[in-house]
Amino acid sequence: MSPRLGMKRRRRARLGAVLLIAGLLSVLSGAALQAGADVGPSGNVTLSFQDGQLITPLGIVVEPIAGTLVGTVDANGDMFFAQADVMFDDFVVPGTPVGNIPVSVVPNSDFTGHVDPDTGAFTLSGSFSTLLDLLGLTDCPLGPIPLNWSTSPNFGGATSYNPATGEAVLVEDGFIVPAIAPTETACGTPPDINVLNALLALPSVPFNPVGPAGTPVGFRIVQPVSIDPILDTVTSTSLDDTTTTTEEPTTTTSAPTTTTTTTTLAPTTTTTLAPTTTTSAPTTTTLAPTTTTTLAPTTTTTTTLAPTTTTSAPTTTTSAPTTTTLAPTTTTTTLAPTTTTSAPTTTTLA
């Protein structure tokens, strides 16, 4: 690998590492922005009403208003209280033109709320009706009355939620109490109901500390509350579901990497043996002449020996080919056949 190619690869590797770190920092910074966004502990929660005041248009202050709401809270600070788990204590409205009026509170709906420990904002909404005992009547219904408590009322008097104590003061000063319907037989005859509405200044108007006559008008509830367990912001290892973190796509491009491996084998030597020819020179055996002596009148006997021929069959020696293979180089050593030929040997007897 060339030095230049190596330098390019190292630069690209460093660039990829920088981009990766930048992406991680982006995610972590997004998480840091959301730190404290969760409310905890989430789960079951109890909201207690204590020492509340109901200020009436008649200038009568009804207290204490108390009750208990049992429900749940999630990590967003959203609270839910089922209608069956909302309970208010009975109370008495004293000193009215018709005497003391015992009042029972009956929830008409589920209650929902939200708390933000960071800002102290706290809201609670729901609806209930009241049952009045007056003028010999029992459980004369008044309502339903929708209520929206908050720490940001129209005319002040609220206290933000304190995560150190779990307490706040909620105020509702915008609600209207409706008139008793003429068809409510539990409240008497229609003429009786008209009298009741006039005595109670129903329907009411939104609260105003300074009405047309310079005196307060409308109803107003100032309600201290406490939460158990105390809710505060908590650090979470996961981003809130409502938080969307968008990261720019990170593209890391690596140049194609080419690895070239060169294997050099030692030179292969091929040895070729020249054909080996072994030639035996002809062997001649010459017998000395046979001398024939003729003795007269001796009969001469001539003995002729037939020629004797000795032939040696050709001898052929063949060495099998030897193959030596070096990966990836093949060395082949081939020995040519070796032929040994003996010339015929002739022996002639004269």
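Keep in mind that this is a model prediction, so the values were computed, not measured.

Some thoughts on the overall build of the chain
Within the chain, the regular secondary structure consists of two helices and 22 strands. Sequence-distant contacts in the chain: of pairs separated by 6 or more residues, those separated by 24 or more amount to 63%. With the model as given, the accessible surface of the chain reaches about 21,300 Å², and the carbon-plus-sulfur share is 58%.

As for the environment of Gln50
Take Gln50: it is sitting in strand 2 (residues 43–55). The class for Gln50 is partly exposed, based on a relative accessible area of 26%. Residues in contact with Gln50, not counting those within four places in the same chain, are Ile65, Ala66, Gln223, Pro224, Val225 and Ser226.

Considering the nonpolar core
Counting 48 residues, the largest nonpolar core has Leu47, Phe81, Phe111, Phe122, Leu124 and Trp149 as its most contacted members. Discounting chain neighbours no more than four positions away, the residues touching Leu47 are Gly67, Thr68, Leu69, Phe81, Phe122, Leu124, Val225, Ser226 and Ile227.

Some thoughts on the packing of aromatic side chains
Applying the stated criterion to the full structure yields eight aromatic pairs. Aromatic pair Phe155 and Phe207: ring centres 6.0 Å apart, planes at 80°, arrangement edge-to-face. With Phe155 in the loop between strand 10 (137–150) and strand 11 (159–162) and Phe207 in the loop between helix 2 (190–199) and strand 13 (220–228), the pair connects residues that are 52 residues apart, well separated along the chain. Looking at Phe207, the relative accessible area reads 9%, which means it is buried. Here the aromatic rings of Phe175 and Phe219 are separated by 6.2 Å at their centres, their planes lie at 35°, and the arrangement is tilted. In this pair, Phe175 sits in the loop between strand 12 (167–172) and helix 2 while Phe219 sits in the loop between helix 2 and strand 13, placing the two residues 44 residues apart along the sequence. Of the two residues, Phe175 and Phe219, both sit in the buried class. Through pairs of rings, three or more aromatic residues link up here, namely Phe49, Phe88, Phe111, Phe128 and Trp149.

Here's the deal with the environment of Phe80
Of note, Phe80 is situated in strand 4 (residues 78–81). When the C-alpha atoms of Phe80 and Val45 are compared, they prove to be 9.1 Å apart, with 35 residues separating the residues in sequence. In this structure, Phe80 is in contact with Gly71, Thr72, Asp110, Phe111 and Thr112, ignoring residues within four places of it in sequence.

Observations concerning the pattern of salt bridges
Evaluation of the coordinates by the stated rule reveals one salt bridge. A salt bridge links Arg220 to Asp173, with the nearest nitrogen and oxygen atoms 3.2 Å apart. Within this pair, whereas Arg220 is found in strand 13, its partner Asp173 is found in the loop between strand 12 and helix 2, the two being separated by 47 residues in sequence. Judged by relative accessible area, Asp173 falls into the buried class, the value being 3%.

Notes on the pairing of strand 9 (residues 121–134)
When strand 7 (residues 99–107) meets strand 9, the two strands line up antiparallel, connected through five bridges. Each residue of the ladder has a partner; that of Ser104, found in strand 9, is Leu131. For strand 8 (residues 111–116) and strand 9, the ladder comprises five bridges, and the chain directions are antiparallel. Note that in strand 9 the partner of His114 across the bridge is Thr123. In this sheet, strand 10 lies alongside strand 9 in antiparallel orientation, the contact comprising 10 bridges. Paired with Leu131 across the strands is Pro141, a residue of strand 10. From the end of strand 9 to the start of strand 10, which pair antiparallel, there are two residues, and Leu135 there has a positive phi angle of about 50°.

Some points on the pairing of strand 12
Within strand 12, five of the six residues are buried, leaving the element largely enclosed by the surrounding structure. Bridging between strand 11 and strand 12 involves two bridges; their strand directions are antiparallel. Bridged to Thr159 within strand 12 is Val169. Counting the residues in the hairpin turn of strand 11 and strand 12 gives four residues, including Gly166, whose phi is positive at 75°.

Brief notes about the state of the cysteines
Structurally, a disulfide amounts to a covalent bond that connects the sulfur atoms of two cysteines. Under the criterion given, the structure shown has one disulfide. Each disulfide pairs two cysteine sulfurs, and for Cys140 the partner residue is Cys187, the sulfurs being separated by 1.7 Å. Around the S-S axis, the bridge from Cys140 to Cys187 shows a dihedral of about 100° and counts as right-handed. Here Cys140, found in strand 10, pairs with Cys187, found in the loop between strand 12 and helix 2; they are 47 residues apart in sequence, far enough to count as distant.

Some thoughts on unusual backbone geometry
Each neighbour pair has its own omega, and for Gly143 with Pro144 the value is 0°, a cis peptide bond. If you trace the backbone, Pro144 turns up in strand 10. The residue after Asp228, namely Pro229, is reached through a cis peptide bond having omega 0°. For Leu135, which is not a glycine, the phi torsion comes out positive at approximately 50°. Of note, Leu135 is situated in the loop between strand 9 and strand 10. For Ala201, which is not glycine, the phi torsion reads 60° and is therefore positive.

Overview of the confidence of the model for the chain
Per-residue confidence for the chain gives a mean pLDDT of 72, with 57% of residues at or over 70. Confidence drops under a pLDDT of 50 for residues 268–273, and excluding neighbours within four residues, the segment shows 11 contacts in the predicted structure. Low pLDDT, under 50, characterises residues 321–342; the predicted model gives this stretch 44 contacts beyond four residues in sequence or across chains.

The rules behind these values
- Numbering of residues begins from 1 in every chain and follows the order in which that chain's sequence is written.
- Where local features are concerned, this predicted model is filtered to residues with pLDDT of at least 70; where side-chain atom pairs are given and counted, the filter is 80 or more; whole-chain, interface and lining totals use all residues.
- Excluding hydrogens and water, the side-chain values take into account all heavy atoms of the structure.
- By definition, any uninterrupted DSSP run of H or I lasting at least four residues is a helix, any uninterrupted run of E lasting at least two residues is a strand, and each is numbered from the N terminus.
- Here, residues are in contact when the closest pair of their heavy atoms is within 4.5 Å.
- Here the accessible surface of atoms and residues is derived via Shrake-Rupley with a 1.4 Å probe, and residues count as covered only by protein chains that are part of the display.
- Type-normalised accessible area, obtained with a 1.4 Å probe on protein chains alone, sets the label of each residue: buried when under 20%, exposed when over 50%, and partly exposed for intermediate values.
- By convention a nonpolar core is built from buried Ala, Val, Leu, Ile, Met, Phe, Trp, Tyr and Cys residues, the set being connected through side-chain atoms within 4.5 Å.
- Only Phe, Tyr and Trp rings take part, Trp by its six-membered ring, and two of them pair if their centres are within 6.5 Å. Stacked means planes under 30 degrees apart, edge-to-face means over 60, and tilted covers everything else.
- For this document, the term salt bridge refers to a Lys or Arg side-chain nitrogen within 4 Å of an Asp or Glu carboxyl oxygen.
- Only strands that DSSP links by at least two bridges are regarded as paired with each other.
- When two cysteine sulfur atoms are found within 2.5 Å, that pair is recorded as a disulfide.
- Per-residue confidence from the predictor is reported as pLDDT, which spans 0 to 100.

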